[in-house]
Amino acid sequence: MIHRNNSAILLLLAAFLGSVTVPAVAHHSFAMFDKGKMTTIEGVVSRLAWTNPHVLIDIDVIDKQGQTAQYRIESASINILMRQGWKVGSIKPGDRITIVFNPLKSGLPGGLLIEATLPNGTVLRG
Amino acid sequence: MTRMHLGAIAVVGTMLALMYGCCKVKSPSVTPSPPDIAGTWERYPDDWAGPDPDNPLPPGGAFDLQESYAAAYAKLQKRKAAADAAGAPLVNASTRCLPEGMPTIMEAIYPIQIVQSSGQVIVLAEFLTQTRRIWLDEKMPASADISPSYNGQSVGHWEGDTLVIQTAGVRTDVSFHGVPHTAGMRISERIRKTAPDMLEDRVTLDDLPVFRKPYAFTFQYKKSDYRISEYICDNNQIRVDAEGGGHLNLRSKDD
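Residues numbered from 1 in each chain as written. Chains lettered and ligands numbered in written order. Predicted model: local features only at pLDDT ≥ 70, side-chain atom pairs only at ≥ 80, totals over all residues.

## Topic: the overall build of chain B
Helix and strand counts for chain B stand at two helices and eleven strands. Going residue by residue from the N terminus, the α and β elements of chain B occur as α-β-α-β-β-β-β-β-β-β-β-β-β. Restricting to contacts in chain B with at least 6 residues of sequence separation, those with at least 24 account for 53%. (Helix = DSSP H or I, 4+ residues; strand = E, 2+ residues; numbered from the N terminus. Contact = placed C-beta atoms within 7 Å.)

## Some remarks on the interface of chain B and chain A
With 28 residues of chain B at the interface, the matching set in chain A holds 28 residues. Classifying every residue of the side of chain B that touches chain A gives 14 nonpolar, seven polar and seven charged. (Nonpolar A, V, L, I, M, F, W, Y, C, P; charged D, E, K, R; others polar.)

## Some thoughts on the confidence of the model for chain B
All names here are of chain B. Summarising the model, chain B shows a mean pLDDT of 89, and 85% of its residues fall at 70 or more. For the stretch residues 13–25, pLDDT sits under 50, and the model shows zero contacts to residues farther than four places along the chain or on other chains. Among the scores for the predicted complex, ipTM is 0.80 and pTM is 0.83. (pLDDT = per-residue confidence, 0-100.)

## A closer look at the environment of L57 of chain B
All names here are of chain B. Relative to the helices and strands, L57 resides in the loop between β1 (39–44) and α2 (67–85). Along the primary structure L57 and A83 are separated by 26 residues, whereas in three dimensions their C-alpha atoms are 18 Å apart. Apart from the residues within four sequence positions on either side, L57 is in contact with A49 and G50.

## A word on unusual backbone geometry
Of note, the amide linkage connecting N52 of chain A to P53 of chain A takes the cis form, showing an omega dihedral of 10 degrees. The phi dihedral of C97 of chain B falls on the positive side, at around 70 degrees, and the residue is not glycine. Structurally, the position occupied by C97 of chain B is in the loop between α2 and β2 (112–117). The phi dihedral of T129 of chain B falls on the positive side, at around 50 degrees, and the residue is not glycine. Along the polypeptide, T129 of chain B turns up in the loop between β3 (120–125) and β4 (130–136). For T129 of chain B, a count of 16 C-beta atoms within 10 Å puts it in the partly exposed group. (Buried ≥ 20, exposed ≤ 12 C-beta atoms within 10 Å, placed from the backbone.)

## Structural notes on the sheet that holds strand β6 (residues 162–168) of chain B
Residues and elements named next belong to chain B. Read around the closed barrel, the nine strands follow the order β1-β2-β3-β4-β5-β6-β7-β8-β9; overall the barrel is mixed. Across this sheet, the average inter-strand angle for adjacent strands is 30 degrees, counted without regard to direction. As paired strands, strand β5 (residues 153–159) and β6 are joined by seven bridges and run antiparallel to one another. From the neighbouring strand, W158 faces β6, where its bridge partner is L163. (Pairing = 2+ DSSP bridges. Axes fitted to C-alpha atoms, helices over the stretch in contact; angles between N-to-C directions.)

## So, the nonpolar core
Counting 32 residues, the largest nonpolar core has W41, A108, I112, I114, A125 and L205 of chain B as its most contacted members. Counting residues per element, the ones that place at least two in this core are β2, β3, β6, β7 (186–195), β8 (198–206) and β9 (215–224) of chain B. Setting aside residues up to four positions removed in sequence, A108 of chain B forms contacts with W41, E42, R43, A125, F219 and Y221 of chain B. L48, A76 and L104 of chain A together with A88 of chain B belong to the second largest nonpolar core, which has 30 residues in total. (Core = buried A, V, L, I, M, F, W, Y, C linked by C-beta atoms within 7 Å.)

## Section: α2 of chain B
Two residues of an α-helix separated by three or four positions point the same way, owing to the 3.6 residues in each turn. Compared with the 27 Å implied by 1.5 Å per residue over 19 residues, the 27 Å span of α2 of chain B between its first and last C-alpha is a close match. Following α2 of chain B by one or two positions, G87 of chain B has its phi on the positive side, about 80 degrees. (Expected span 1.5 Å × (residues − 1).)

## A few points about the pairing of β4 of chain B
Residue and element names in this part refer to chain B. Of the pairings in the sheet, the one linking β3 to β4 comprises six bridges and is antiparallel in character. Bridge pairing in β4 places V123 opposite R132. Count of turn residues in the β3/β4 antiparallel hairpin: four residues, of which L128 carries a positive phi of about 65 degrees.

## Some thoughts on the environment of A168 of chain B
Residues and elements named next belong to chain B. Looking at where A168 falls in the secondary structure, it is placed in strand β6. Its 20 C-beta neighbours within 10 Å are what place A168 among the buried residues. A C-alpha to C-alpha distance of 8.2 Å links A168 and A183, two positions 15 residues apart in sequence. With residues near it in sequence (within four places) discarded, A168 still touches M140, S143, I146, G152, Q153 and R186.

## A short note on the pairing of β2 of chain B
All names here are of chain B. Examined bridge by bridge, β1 and β2 share three bridges and lie antiparallel to one another. By the bridge assignment, W41 is partnered in β2 with I112. As paired elements, β2 and β3 share six bridges and run antiparallel to each other. Within β3, the position partnered with I112 by the bridge is A125. As consecutive antiparallel partners, β2 and β3 are separated by two residues, and within that stretch G119 has a phi angle of approximately 80 degrees, a positive value.

## Description of the confidence of the model for chain A
Residues and elements named next belong to chain A. Residues with a pLDDT of 70 or more make up 78% of chain A, whose mean pLDDT is 84. Least confident of the elements in chain A is helix α1 (residues 2–17), whose mean pLDDT is 40; most confident is strand β4 (residues 96–103), at 98. A low-confidence stretch, residues 1–19 (pLDDT under 50), is modelled with 18 contacts involving residues beyond four sequence positions or located in other chains.

The structure is reproduced here in structure tokens:
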């Protein structure tokens, strides 16, 4: 019960922090991503690159046939994510997370993070 | 009052006048403090870039370019639209982690901090950890003495509440919203507070070989209590194809 309450508070906090004004113009155009599509995957984080211009999340997703697909998800810059409430260790290798993202127009396994749901229910905006 | 009294008063008066004259400490010449524009500033309003942040609107309206530049600009816009549709947007200097240069640094896609120091005003941009220096009360060096740079050579002075700046020597590979410029471009700026928490920068680009008339616009900023952080751009995330299109570097077997 305590865990659920904490999750609810974290969700509220994340929603509030998500409303903080942050730069909308990025270091590159996001036209490589299909903003009209949203894809959801669940998998295990294999690597997290805490770098600028973008934080990158590598995630292994096992499909119904048991095959592992390796996705690379681009997020915003460290500076923007910190303003939105992310911490350095918010997402760690080994975490099982759910990612909603705009897929690459090329169809390759990658995309632009919209939101990540952590094991404790916290939702982090990209 | 006797003559003696009058004489005494005259003597004392003379002495006081002399004392005042000889001992008056000359007050040091006080230079008036320049207006305070220091602090962290963020662009205002929030939607300054227009409806599509991927394609920010030119701040002074459509560019009025000389014929050859207008043709090149139209061609670039066409190429850009095609590249965007194909999911391989054309890379620019920022994509390659290179500085934005003038006047784009003042566009402040991330917050900027203004520092007022002796003889200079410094603009620190969070994006790419860029630094721009404006030298106060100095003459613009001769063109031959200016080494071309991303932000150029800026000299400024105060006119009342306004910091008036001239900039020359911006590298010719720096572009502004896709518009290039010649080595002779001059940028004029007038920076002033319009309210205690509001700042404006009135910018004019003067480069007649490119613009049919000086191109003018105003950047507005709102004061912020945000603390600027380091932003070093690791140029390792985008792969550039032969046509100049950018692709997300995907994972390789070595990752």
